[in-house]
Amino acid sequence: MLRYHNYDIVFQEVPGEVTLAINLTHCPHRCAGCHSPHLREDRGETLNEHTLSGLLEKYGNAITCVCFMGGDAAPQEVERLAVFLRSLPGQRLKTAWYSGYQHLPEGCSPQYFDYIKLGPYIESLGGLESPSTNQLFYRIINQEMIDVTDLFSSSETSPKALY
């Protein structure tokens, strides 16, 4: 079961998208220097199809993407909710997943996502905006994972758009 701590509308996690970012709890990675150590605990509200539908009703056309921030304790559940989003009639929100796994977990497929960030946070290497980061941000096109991490490394304060 997935649980979430909170959610927010964000503009930098997925370049070019107005994103509903949902912060999932029960993170198994324990990265040193993590900016959200409170997400390690297995607590919060249940995130399921009903909850997700309520969030979509609340934000309607104001968002273009839903990003699951974490969920690594239950990757198949994250994928199941991405499949649910894709199945909604008349809905064409993009889906994204920020995972601390180095590789896509076994049994998960990129086909249900438009974007995937992989890699644990290593404080000395920095996040996606750092030239030395170990994390990779992928755009999924025809089930192929295309590295577009360079969208985050610019002299500007915000990522470049994907379009």
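What counts, and at which threshold
Note on numbering: residues in each chain are counted from 1, in written sequence order. The predicted nature of this model means local features are confined to residues of pLDDT at least 70 and side-chain atom pairs, given and counted, to a pLDDT of 80 or more, with totals for whole chains, interfaces and linings taken over all residues. Water and hydrogen atoms were dropped before computing side-chain values, which therefore reflect all heavy atoms in the structure. Each salt bridge in this description consists of a side-chain nitrogen of Lys or Arg and a carboxyl oxygen of Asp or Glu lying within 4 Å of one another. Counting from the N terminus, the helices are the DSSP runs of H or I reaching at least four residues and the strands are the DSSP runs of E reaching at least two. Exposure categories follow from relative accessible area, calculated using a 1.4 Å probe and restricted to protein chains: below 20% of the type maximum is buried, above 50% is exposed, and the middle band is partly exposed. In these notes, a set of buried Ala, Val, Leu, Ile, Met, Phe, Trp, Tyr and Cys residues joined through side-chain atoms within 4.5 Å is what counts as a nonpolar core. Scored from 0 to 100, pLDDT reflects the predictor's confidence in each residue. Regarding the arc, it is the one traced by the directions from the helix axis to the C-beta atoms. Contacts between residues were defined by any pair of non-hydrogen atoms, one from each residue, lying within 4.5 Å.

Re the pattern of salt bridges
Right, so step 1: For the coordinates displayed, the defined rule picks out eight salt bridges.
Right, so step 2: R43 is the salt-bridge partner of E41, the closest N and O atoms lying 2.8 Å from each other.
Right, so step 3: Ionic pairing is found between E49 and R80, a salt bridge with its closest N-O pair at 2.1 Å. In this pair, E49 sits in helix α1 (residues 49–59) while R80 sits in helix α2 (residues 75–87), placing the two residues 31 residues apart along the sequence.
Right, so step 4: The class for E49 is partly exposed, based on a relative accessible area of 26%.

Here's the deal with the nonpolar core
Right, so step 1: Membership of the largest hydrophobic core comes to 27 residues, with the highest contact counts inside it found for I22, L24, L47, L52, V66 and F68.
Right, so step 2: Every element with two or more residues in this core is listed here: β1 (2–10), β2 (19–24), α1, β4 (65–69), α2, β6 (115–118) and β7 (136–141).
Right, so step 3: Counting residues per element, this core draws most heavily on α2, at five residues.
Right, so step 4: V10, M69, L128 and F152 belong to the second-largest nonpolar core, a separate cluster that totals 14 residues.

Considerations on the confidence of the model for the chain
Right, so step 1: Averaged over all residues, the pLDDT of the chain equals 91, while 94% of them reach at least 70.
Right, so step 2: When the elements of the chain are averaged for pLDDT, α1 gives the smallest value, 95, and β6 the largest, 98.

Regarding α1
Right, so step 1: Restricting attention to buried positions, one finds in α1 the residues T51, L52, L55 and L56. Down the axis of α1, the sector holding all buried residues measures 140°, keeping them to one side. Turned more than 90 degrees from where α1 packs its buried face, H50 and E57 sit exposed.
Right, so step 2: Summarising the contacts, the buried residues of α1 are in contact with β1, β2, β3 (45–47), β4 and α2.

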